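# Examining the three-dimensional arrangement
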Amino acid sequence: MDTKFIGKKSAAAGGWGALKSCGKQLLQSGMPISGARAMLKANQPDGFDCPGCAWGDPEHGSSFEFCENGVKAVAWEATEKRATPAFFAEKTVSQLRQLTDYELELNGRLTHPMRYDAASDRYLPVAWKDAFAEIGSILTGLDNPNRAEFYTSGRASNEAAFLYQLFVRVYGTNNFPDCSNMCHEASGIAMRQAVGVGKGTVLLEDFEEADAIFVIGQNPGTNHPRMLGDLRRAAIRGARVVVFNPIRERGLERFSDPQDKVEMLKGGSTDIASLYLQPQLGGDMAAVRGMAKAVLATEDAAVAAGLPSVLDHAFLAEHCAGFAEYRAAVEATSWADIEDQSGLSRQEIERAADVYINAERVICTWAMGVTQHLHSVATIREIANFMFLRGNIGRPGAGLCPVRGHSNVQGDRTVGINEKPSDDFLDALEKHFRFTVPREHGHNVLAAIGAMLDGSAEAFIGLGGNFARATPDSALVEKALRRLKLTVHIATKPNHSHLMPGETAFILPCLGRTEMDLNTAGNSQLVSVEDSMSMVHGSAGINRPASPHLLSEVAIIAGIAQATVGSDVVGWAELADDHDRIRDHIEATIPGFENYNARLRKPRGFHLRNTAAHREWDTPAGKASFSCEALPVETVHQRARKGEGRFALQTFRSHDQYNTTVYGLDDRYRGVYGERQVIFIHPTDLKAMNADAGDRVDVVGEHDDGIERIAENFRFVPYDIPRGSIAGYYPELNVLVPLGSAGRESDTPTSKSIMVSFRRRQAA
């Protein structure tokens, strides 16, 4: 059996392996010297914001504020390779479709605007003005603006996103399917219900004061590695780090900081997790409910013994609503149900609760391991409940910290990318720009795909991203895109979404985050982004554009807008040529952006005020609100074990990947090399199936809608994961995620709750 792709896992995250990987990526880009110079300007006041993750920057920044993933993102963007018109002339779209995601993007940066020619099945060069004119003509020719879908990736700047939403609303729709619909939608919904604001309540500096940090459903070593530095510093000063994650992730176990010279020279590393618990998939709500049950039991025992109270009664009385009902719900939840659903023992959960009880200041942080389940909103409400018990919101060193993925996914929402905009925001737009704003709620990602499939949507414009590979039910999404009248993709590199053209299709190449955007006067344009801690930073590219034919995202949006809705309401060209004017409009319509241009130019930007962090609760009750929802009747792992040979699957990233972008084929933290079509599974489960490491299988979806979903030719990797749960990489496994399975209230695809079985394949 071939198991050469399974190798040694890194002893610790970071360290020499990270430095070696950085060097490899810079060499592969073909521009190692300029790439290294560029990294010195990453996340610096006079440089560009990293195009990777949304982890925050400290007030007291260092000379180096980048990580391995940041180097990969910059090297990927700053490559010397070019996907010119000659590249598209060599192969048909049908032939290009046979390439993997990795092989396709290795061809480098797009250089010219391209239009699909159905007769030759190839993309051909097109002039910008002709592209804008034809796009505008098709959009204005639709009988209803709601027949067009306008997607946004989280890499778009605040300025591009604001201009995009303004154009689309002048056009007449609120159809804004957005990447946040597929990741952190549940966080925003649950936190608005619980504390009145859908953003995290902490600053990065709070990690320096926390006594305990609970990390739930999150893998910072791969997804936002700079967070490991903050966890490491917290662990060194004695803070307890409690991890809930089904997978043993190296970055949460040990980290060797590449910026610590002594640690690097000695080959040392630092323990991160004080306690590492591995719940079953979907078991996080039960685990948190169990901790709350243990806290309340300790409180009862303390009262009976005349000892100091465990709960923060002053906070509960002054700032909270619904505590009595929540306490009753916790008491009605049995330990048997908690243990069965979480997959953890009562003793393990009580150990975690003891850490919470003995910590004065606690931060709870989570990511997509929590947000991509059927009951994600309820789980995040439960996390908030747990944090309310001891008043761990609205004071230094404590709070709620959902960590967003792409660098500006939070900022895009702040400036108006929302299919369900608030009346206050729409009123402000209407008053400031003097046009009738559409009020009907629009489509999120799943609704947009449904509209494409049933024919009620006829056009799609994607501002960045790789829609076809990021979304669930890959085969259906390809069908949906290819039946449209118009598809437009604003992008830096070719990707698979471009190979699913509508009747008329364009690829419009844009500048990257690291590149200079010069206006007509030759001045460099500044854009801005918002991180997970609500810090707004300036970003100015320093590299020359990959091609003289590239336009900025802002300029492309302005060109399409001008050709579609004209300039009666907005002077698009003027805004494209002066981003300060865009920021003036943001300041005039969105609270918190007062003196935007001046504050943006201060080192490290400014913070958008968070009401919950000041214990001001914009909820119907006017207080922080407990939820008393019962545990789910069944989670995915409980359903799976009822059927013979069924497993609960979660998708996740490899270490050589960010979102749908694959930088390489190695996952050294998990010990997998040169292979992506793998399934991580418990060794005992392998033995029970009479299977071995490296055996090949087809993974078969077990959703009950009559649609056959198969991911072909995957190989087993034995791994430390709960029995009955398995894991593998997206986008390769997105074909198994059903459109019909989405989070309650959030409508987020349940990419961490997929029931599957296996079909054995013959050895090649």
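Up top is the structure these notes are about.
Conventions and cut-offs
The residue numbers shown here count from 1 along each chain, following its written sequence. Local features are withheld for residues below a pLDDT of 70 in this predicted model, meaning they are given only at 70 or higher, and side-chain atom pairs are given and counted only at 80 or more; totals for whole chains, interfaces and linings count all residues. Where side-chain values are given, they derive from all heavy atoms of the structure, hydrogens and water being excluded. Strand pairing requires that DSSP identify at least two bridges connecting the strands. Per the convention used, a helix needs a DSSP run of H or I reaching at least four residues, while a strand needs a run of E reaching at least two, with both numbered from the N terminus. It only takes one pair of heavy atoms within 4.5 Å for two residues to be counted as in contact. In this analysis an axis means a line fitted to C-alpha atoms, helices contributing only their contacting stretch, and an angle means the value between N-to-C directions, from 0 to 180 degrees. By salt bridge we mean one thing: a side-chain nitrogen of Lys or Arg within 4 Å of a carboxyl oxygen of Asp or Glu. With a 1.4 Å probe rolled over the protein chains alone, any residue whose accessible area is under 20% of its type maximum counts as buried; one over 50% counts as exposed, and the rest are partly exposed.

A few words on the sheet that holds strand E19 (residues 535-539). Spatially, 3 strands are ordered E18-E19-E20 in an open sheet, and the strand pairing comes out antiparallel. Looking along the sheet, the strands with just one partner apiece sit at the ends: strand E18 (527-530) and strand E20 (606-607). Relative to E20, E19 runs antiparallel, the two sharing 2 bridges. The partner of Val536 across the bridge, within E20, is Phe606. Together, E18 and E19 form the strand contacts of helix H8 (residues 158-171), whose direction differs from that of E18 by roughly 90 degrees.

As summarised here, the arrangement of the 6 strands in space is E5-E4-E17-E16-E15-E6, forming an open sheet in which the pairing is mixed. Either end of the sheet is taken by a strand with one partner, and the two such strands are strand E5 (122-125) and strand E6 (148-152). Along the sheet, successive strands turn relative to each other by an average axial angle of 20 degrees, direction set aside. The pairing of strand E15 (residues 459-463) with strand E16 (residues 486-491) spans 5 bridges and is classified as parallel. The residue bridging Phe460 from the neighbouring strand is Thr487, located in E16. The sheet contacts of helix H7 (residues 128-141) involve strand E4 (114-117), E6, E15, E16 and strand E17 (504-509), and relative to E17 the element is tilted by about 135 degrees. In this fold H8 packs onto E6 and E15, with an angle of close to 170 degrees to the strand it touches most, E6.

To continue, consider the pattern of salt bridges. Taken as a whole, this structure holds 46 salt bridges when the rule is applied. A salt bridge links Glu594 to Arg599; the nearest nitrogen and oxygen atoms lie 4.0 Å apart. One salt bridge connects Arg715 with Glu675, and the closest N-O pair in it is separated by 2.9 Å. In this pair, Arg715 sits in strand E29 (residues 710-718) while Glu675 sits in the loop between strand E26 (672-673) and strand E27 (678-681), placing the two residues 40 residues apart along the sequence. Taken individually, Arg715 and Glu675 each receive the classification buried, so the pair is uniform in this respect. Bridged by salt links that share partners, the residues Asp2, Lys4, Glu675 and Arg715 form one connected network.

For the rest of this paragraph, the subject is the pairing of E4. By the alternation rule, side chains of E4 split into Met114 and Tyr116, which are all buried, and Arg115 and Asp117, of which none is buried. Judged from the 4 bridges that link them, E4 and E5 form a sheet pairing that is antiparallel. The residue of E5 that forms the bridge with Tyr116 is Tyr123. Counting the residues between successive antiparallel strands, the hairpin from E4 to E5 contains 4 residues, one of them, Asp121, with a positive phi of roughly 55 degrees. Note: E4 against E17, 2 bridges, orientation antiparallel. For Arg115, the partnering residue across the bridge sits in E17 and is Phe506.

Buried residues dominate helix H9 (residues 185-195), accounting for 9 of its 11 residues. Against strand E13 (362-366), helix H19 (368-371), helix H20 (376-388), strand E14 (399-402), helix H21 (409-414) and strand E21 (624-625) lie the buried residues of H9. Backbone geometry just downstream of H9 places Gly196 in the positive-phi region, at approximately 90 degrees.

Turning next to the pairing of E29. Summarising the sheet, E27 and E29 pair through 4 bridges and their orientation is parallel. If you follow Ile679 over to E29, its bridge partner there is Phe716. With 4 bridges joining them, strand E28 (residues 696-701) and E29 adopt antiparallel strand pairing. Looking at E29, one finds that Val699 is bridged to Ala711.

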